[in-house]
Amino acid sequence: LTVSSLTLTCSADVAFSKNNSGDENSLFVAGNPDLYPIEYYNRLTGKYEGLLPQLYERISEQTGIDFTYIYSSSENQQAYLAKNQQVDMVSAYVMGSDVGDYLPEDYTMLHFTHEGNEYTVAIGFTENCDAQTRDRIKAYLANLTESELTDLTVSFVMEQGKLKMTEYWAWV
C-alpha cells in the first residue's frame, strides 16, 4: 500500500448504533467494513475503526457534529443505505463504485496505489445531509494541516502496534 497523497477533514461524538438510531443531532454514517486501515468493522469490538473514525472524533470535538455509524457486519451495505436514503454520509467509499451513484456530493480523502491499481477514497453526502453540516465537515477537512494528519496517522499506527504486541505477549 503506497499512499501518494492524503487529504482528510471531518466533527462531538462518534457512536455505533446497533438499533440504527441516534438523536436528532446525529449524522448517520454508512461505514466501509473492509478498507483497513482507512476504515474497517472490527467484529471483536462491534465498532468501525481506523483512520477515518478517529478523524470523525476530532471533527466532532471541534464542530459539535455527532457521527453515528449505522450498525453493520462484515458485509458492505453502503450502496443500499445510500440508495434508500437511510444515511446522511457514506464513509471511505472507493470512487468509481456503484455507491457514488447515490451521492450528489463527495469529498476526496486520499489516493493510493495497491498492486499496480490506483484508488481514490472519498466520503459522500446523501440528499439527507443538510448543507450547513456538509459545509462544516468539508471546511474542517480543507483546513486540516499535514502535521495534524501525520499525527493522526502515526497515533493510529502506534496504537495498532500496541494492540498487536499485547496479542503477541498474551500468547508467549
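This one's a predicted model, so the numbers in the text were calculated from it and none came from an experiment. (Residues numbered from 1 in each chain as written. Predicted model: local features only at pLDDT ≥ 70, side-chain atom pairs only at ≥ 80, totals over all residues. Heavy atoms only, no water.)

Visitor: Just checking my understanding: could you explain the nonpolar core for this structure?
Guide: Nonpolar side chains tend toward joint burial in soluble globular proteins. Of all hydrophobic cores here, the largest spans 29 residues; its most connected members are Leu-55, Phe-67, Met-89, Ile-123 and Ile-137. Looking at this core, the elements with two or more residues in it are β3 (26-30), α1 (51-63), β7 (66-70), β8 (89-94), β9 (105-114), β10 (117-125), α3 (131-142) and α4 (146-171). Counting residues in hydrophobic clusters, the runner-up holds 12 residues, among them Ala-30, Val-87, Leu-103 and Ala-122. (Core = buried A, V, L, I, M, F, W, Y, C linked by side-chain atoms within 4.5 Å. Buried < 20%, exposed > 50% of the residue type's maximum accessible area, 1.4 Å probe, protein only. Helix = DSSP H or I, 4+ residues; strand = E, 2+ residues; numbered from the N terminus.)

Visitor: What exactly am I supposed to notice about the confidence of the model for the chain here?
Guide: Detailed reading of predicted coordinates is not advised where the pLDDT is low. Here the chain averages 82 in pLDDT, while 78% of its residues score no lower than 70. Within the chain, the element-level pLDDT minimum falls on strand β1 (residues 2-6), averaging 33, and the maximum on β8, averaging 96. For the stretch residues 1-12, pLDDT sits under 50, and the model shows 63 contacts to residues farther than four places along the chain or on other chains. Low pLDDT, under 50, characterises residues 165-172; the predicted model gives this stretch zero contacts beyond four residues in sequence or across chains. (pLDDT = per-residue confidence, 0-100. Contact = heavy atoms within 4.5 Å.)

Visitor: What should I look at first to understand the side chain of Gln-78 in this one?
Guide: Topologically, Gln-78 is positioned in helix α2 (residues 78-83). Gln-78 gets classed as buried once you look at its relative accessible area, which sits at 2%. Within the structure, the side chain of Gln-78 is placed 3.2 Å from the backbone oxygen of Ala-30, a separation counted as a polar contact. When residues no more than four places from it in sequence are discounted, the contact partners of Gln-78 are Ala-30, Gly-31, Asn-32, Val-90, Ser-91, Ala-92, Tyr-93 and Val-99. (Polar contact = N/O pair within 3.5 Å; in protein donor to acceptor, adjacent residues only side chain to side chain.)

Visitor: I keep staring at the sheet that holds strand β5 (residues 39-42) and nothing clicks. Help me out?
Guide: Where strands meet in a sheet, backbone hydrogen bonds hold them as pairs that are either parallel or antiparallel. The three strands are arranged β4-β5-β6 in an open sheet whose pairing can be described as antiparallel. Each edge of the sheet is formed by a strand with only one pairing partner; in this case those strands are β4 (34-35) and β6 (47-49). Here β5 runs beside β6; their pairing, made up of three bridges, is antiparallel. Residue pairing for β6: Asn-42 is matched across the bridge by Lys-47. (Pairing = 2+ DSSP bridges.)

Visitor: Where do I start with α1 in this structure?
Guide: Spacing of three or four residues puts side chains on the same side of an α-helix, whose turn is 3.6 residues. With 13 residues, α1 extends 18 Å from end C-alpha to end C-alpha; this agrees with the ideal 18 Å at 1.5 Å per step. Taken together, the buried positions of α1 are occupied by Leu-51, Leu-52, Pro-53, Leu-55, Tyr-56, Ile-59 and Ser-60. Of the residues trailing α1, Gly-64 is marked for its positive phi of about 85°. (Expected span 1.5 Å × (residues − 1).)

Visitor: Where do I start with α3 in this structure?
Guide: In a regular helix each residue adds 1.5 Å, so 12 residues correspond to 16 Å; α3 covers 16 Å between its end C-alpha atoms and thus fits that length. Looking at the buried residues of α3, the elements they touch are β3, α1, β7, β8, β9 and β10. Where α3 begins, the side chain of Asp-130 points an oxygen toward the backbone nitrogen of Gln-132, at a separation of 3.2 Å.

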